[in-house]
Amino acid sequence: MKVFNTVKEVREAVAAAKARGKSVGFVPTMGALHEGHMTLVRTSRAMCDFTVVSVFVNPTQFGPTEDFDKYPRTLDADAEKCEKEGVDVIFAPAPSEMYPEGYDGWVTVGGVTEVLEGEARPTHFRGVTTVCTKLFNITGADKAFFGRKDYQQLCVIKKTVRDLNMSVEIVPVDIVRDVDGLALSSRNKYLSGDERKAALCLSRSLNIAKDMYKEGADLAAIKEAVTKEIESEPLMKIDYVALVDGDTLREVTAESEGVVLLLAAYAGSTRLIDNTLL
Ligand code: AMP
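Small disclaimer: the values here were computed from a predicted structure and weren't measured. (Residues numbered from 1 in each chain as written. Predicted model: local features only at pLDDT ≥ 70, side-chain atom pairs only at ≥ 80, totals over all residues. Heavy atoms only, no water.)

### Focus: a nonpolar patch on the surface
Step number 1: Residues Met-1, Val-3 and Leu-75 make up a contiguous nonpolar surface patch of roughly 200 Å² in combined accessible area.
Step number 2: The residue Met-1 is located in the segment before β1 (2-4) in this model.
Step number 3: Residue Met-1 is classed as partly exposed on the basis of its relative accessible area, which comes to 31%. (Patch = residues over 30% accessible without salt bridge, like charges linked within 9 Å, V, L, I, M, F, W, Y side chains within 5 Å. Areas by Shrake-Rupley, 256 points an atom, 1.4 Å probe, with all protein chains shown as cover. Salt bridge = Lys/Arg side-chain N within 4 Å of Asp/Glu carboxyl O. Helix = DSSP H or I, 4+ residues; strand = E, 2+ residues; numbered from the N terminus. Buried < 20%, exposed > 50% of the residue type's maximum accessible area, 1.4 Å probe, protein only.)

Rendered as C-alpha cells:
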C-alpha cells in the first residue's frame, strides 16, 4: 500500500493500474477510520481490482463555528487499518494541495442540498460536492462508495453525478452500528459515557418508527413517537426529525417510492445524525 500526499502521485498510480486493465474503486473519508468506513473499503475490494481511500478533513464543508480544528486526525492508525484490508493507495493531501493559493472553483447543486442538513449547515454541501468532484477527477474512479449513514449526502452525490454527467458509479453501503445500536461515527469520540448512553435513543426511536410504520401508523403519529423518545433523554436536543420522500427529501406524496426518517440531534454539544428507510 502507498500513502500519497500529491494529486500527481495518485494520478500516476491509478493510470498504471488502469493500464493493467484494473477497475478502480474509491472510498472518500475524513479519516479516524472505524468499521463503517472499513465496510465501504471491503465493498470496494469485493467489487473493484484497485482501491483508493482518501483521508482528508475537508475544510470547505465545515461552517465557521463547527469542529474542523478538533476533528480527530489519526493517519497512522488509518493507514494500518487500510493496509490490513488490502487497500492499494491512500490519498492524504494537505489542504493546500486541494485548495492552493488563488483557488476559486466551486460545484453547487440545488434541490436536495437546500433542506435539512443544508438548512442547518448552509455551506456544507457546497464543500462536499466540490471536494467529491475534485476527488472523482483525481482518482478517475469507476465506482465510489458512500455510506447510508449520511443519507442526504448520498442523495446529493447521486444528484451531482446525474446532473453533471459524471461517469463514476455511486454505490451505497448500509449503516454499520455498534452492538448497542449507536451508528458508528468518528464524532462518537467526542461523547462522554452519559452522552453516549443518551444517544442510544436515536437508534431506539428508529426501531419504534419501523414497527409503527409496519403496523400502518400515519407519519404524524410516527413523528410524535420519535420526538417523544428522543426528548425523554435530558442530555439530547433535537435539531430535526423528518419523515420525507426517500429520493427528493421533500414532503411524501402519492408518487413517493419510499419514506425515509432522518434525525439530527445534539448529545451534549456533539451533533449526531441517524436515519432509516421505512
Ligand atoms: P466521513 O469520514 O464521516 O466523511 O465518512 C466517510 C464515508 O463513510 C461516508 O460515505 C459515510 O457515509 C461513511 N460512513 C460513516 N459512518 C458510517 C457507518 N456507521 N456506516 C456506514 N457508512 C459510514
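And the narrative resumes.
### A word on the packing of helix α1 (residues 7-19) against helix α6 (residues 124-139)
Step number 1: The contact between α1 and α6 brings their axes to 8 Å, and the two run at 50°. The angle between α1 and α6 falls in the class oblique. Taken together, the residues of α6 that come into contact with α1 (itself represented by Val-7, Val-10, Arg-11 and Val-14) are Asn-137, Ile-138 and Thr-139.
Step number 2: Residue composition of the contact of α1 with α6, by class: four nonpolar, two polar and one charged. (Axes fitted to C-alpha atoms, helices over the stretch in contact; angles between N-to-C directions. Parallel < 35°, antiparallel > 145°, perpendicular 65-115°, else oblique. Contact = heavy atoms within 4.5 Å. Nonpolar A, V, L, I, M, F, W, Y, C, P; charged D, E, K, R; others polar.)

### Notes on the site of the ligand
Step number 1: Around the ligand sit 17 residues, and of these His-37, Gly-147, Asp-150, Val-176 and Leu-184 come closest.
Step number 2: In the model, an oxygen atom of the ligand is placed 2.9 Å from a nitrogen or oxygen of the Met-30 main chain.
Step number 3: Here Leu-184 contributes a backbone N or O atom positioned 2.9 Å from a nitrogen atom of the ligand.
Step number 4: Coverage of the ligand by the protein chains reaches 93% of its 490 Å² of free accessible surface. (Near = heavy atom within 4 Å. Polar contact = N/O pair within 3.5 Å; in protein donor to acceptor, adjacent residues only side chain to side chain.)

### Observations regarding the nonpolar core
Step number 1: Among the nonpolar cores identified, the biggest contains 44 residues, and Phe-136, Ile-170 and Leu-249 are the most heavily contacted of them.
Step number 2: Among the elements that line this core, the one with the most residues is α6, at seven residues.
Step number 3: Beyond its immediate chain neighbours, meaning those up to four positions away, Phe-136 contacts Phe-26, Ala-141, Ala-144, Phe-146, Ile-157, Val-161, Met-166, Val-168 and Ile-170. (Core = buried A, V, L, I, M, F, W, Y, C linked by side-chain atoms within 4.5 Å.)

### Some thoughts on the domain arrangement of the chain
Step number 1: The assigned domain composition of the chain is domain 1 (2-173) and domain 2 (186-277).
Step number 2: Counting residues at the interface gives 24 residues for domain 1, matched by 19 residues for domain 2.
Step number 3: Here domain 1 packs against domain 2, burying approximately 1,800 Å² in sum over the two surfaces, 53% of which is carbon and sulfur.
Step number 4: Our count for the contact surface shared by domain 1 and domain 2 stands at three salt bridges.
Step number 5: A salt bridge links Arg-250 to Glu-114; its shortest N-O distance comes to 3.7 Å.
Step number 6: The interface formed by domain 1 and domain 2 includes ten residue pairs in polar contact (both at pLDDT 80 or more).
Step number 7: For the side of domain 1 that touches domain 2, the secondary-structure elements that each account for two or more residues are α5 (117-120) and α7 (151-163).
Step number 8: A per-element tally of the side of domain 1 that touches domain 2 places α7 first, with three residues.
Step number 9: Of the residues in the side of domain 1 that touches domain 2, the class split is ten nonpolar, six polar and eight charged. (Domains from an automatic or database assignment. Buried area = accessible area lost by both parts, 1.4 Å probe.)

### Quick notes on the sheet that holds strand β5 (residues 143-147)
Step number 1: A sheet is described by the order of its strands in space; here six strands give the open sequence β1-β4-β3-β2-β5-β6, paired in parallel fashion. Because the sheet does not close on itself, it has two edges, and the strands there are β1 and β6 (169-173). Across this sheet, the average inter-strand angle for adjacent strands is 25°, counted without regard to direction.
Step number 2: In this structure, strand β2 (residues 24-29) lies alongside β5, joined through two bridges in parallel fashion. Following the sheet pairing, Gly-25 is matched in β5 by Lys-143.
Step number 3: Taken strand by strand, helix α3 (residues 75-84) contacts β1, β3 (50-55) and β4 (89-91), and its axis lies near 155° from that of β4.
Step number 4: Where α7 meets the sheet, its contacts fall on β5 and β6, and the angle it forms with β6 comes to roughly 165°. (Pairing = 2+ DSSP bridges.)

### Considering the sheet that holds strand β9 (residues 270-277)
Step number 1: Across the sheet, which stays open at both edges, the three strands sit in the order β7-β8-β9 with antiparallel pairing between neighbours. The open sheet has two edge strands, β7 (236-245) and β9, and neither has a second partner. Taking each pair of neighbouring strands and ignoring which way they run, the sheet shows an average axis angle of 15°.
Step number 2: Summarising the sheet, strand β8 (residues 259-267) and β9 pair through eight bridges and their orientation is antiparallel. Residue pairing for β9: Leu-261 is matched across the bridge by Thr-276.
Step number 3: Most of the contacts of helix α9 (residues 219-231) go to β7, to which it runs at about 160°, and overall it touches β7 and β8.

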